[in-house]
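Here are the chains, one letter per residue:
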Amino acid sequence: MPKRVLTGTVVSDKTDKTVVILVERKVKHALYGKIIRRTKKYHAHDEENVFKEGEIVRIEECAPISKLKTWKVIGKIGAEAPAAAH
């Protein structure tokens, strides 16, 4: 069976060798038909502690590493632009 690959934003890099990734998906409401956003957070393994908050990364499903970690970071796609000060 192929491994799932998801794209998301790093929201936390505080723990050692772990990053928290926020993955957003858009689904159509069953009754009203409106497109709504659904989000989920995944804990992913980051062996070298190289990924920082705000970066957009790809994660891949893997064998369980710990209680919460069953994903590992494949690589960085880009970084979100910092918010401009008014």
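Computed from a predicted model, the values in this text were never measured in an experiment.

Novice: Describe the pattern of salt bridges, listing the residues and the values that go with them.
Specialist: The final tally for this structure, using the stated rule, is 4 salt bridges. A salt bridge links Arg 4 to Glu 61; the nearest nitrogen and oxygen atoms lie 3.2 Å apart. Of this pair, Arg 4 sits in the segment before strand E1 (5–12) while Glu 61 sits in strand E4 (residues 55–61), and the two are 57 residues apart along the sequence.

Novice: Hey, could you go over the environment of His 45 for me, with residue numbers and the actual values?
Specialist: Secondary-structure assignment places His 45 in strand E3 (residues 35–45). Classification of His 45 by relative accessible area gives buried; the value is 18%. Taking the C-alpha atoms as reference points, His 45 and Val 19, separated by 26 residues in sequence, lie 6.6 Å from one another. A distance of 2.8 Å separates polar atoms of two side chains, one belonging to His 45 and the other to Glu 47.

Novice: So, the nonpolar core: which residues are in play, and what are the values?
Specialist: In terms of nonpolar packing, the biggest core is built from 11 residues, these being Val 10, Val 19, Ile 21, Val 23, Tyr 42, Ala 44, Phe 51, Val 57, Ile 59, Trp 71 and Val 73. Listing elements by their share of this core, those giving two or more residues are strand E2 (18–28), E3, E4 and strand E5 (71–79). Counting residues per element, this core draws most heavily on E2, at 3 residues. With near-sequence residues (within four places) excluded, Phe 51 lies in contact with Asp 13, Val 19, Asp 46, Val 57, Val 73, Gly 75 and Lys 76.

Novice: Please provide a residue-by-residue account of the side chain of Glu 55, values included.
Specialist: Position of Glu 55 among the secondary structure elements: in strand E4. Polar contacts involving the side chain of Glu 55 include one to the side chain of Lys 76, which spans 3.5 Å.

Conventions and cut-offs
Residues numbered from 1 in each chain as written. Predicted model: local features only at pLDDT ≥ 70, side-chain atom pairs only at ≥ 80, totals over all residues. Heavy atoms only, no water. Salt bridge = Lys/Arg side-chain N within 4 Å of Asp/Glu carboxyl O. Helix = DSSP H or I, 4+ residues; strand = E, 2+ residues; numbered from the N terminus. Buried < 20%, exposed > 50% of the residue type's maximum accessible area, 1.4 Å probe, protein only. Polar contact = N/O pair within 3.5 Å; in protein donor to acceptor, adjacent residues only side chain to side chain. Core = buried A, V, L, I, M, F, W, Y, C linked by side-chain atoms within 4.5 Å. Contact = heavy atoms within 4.5 Å.

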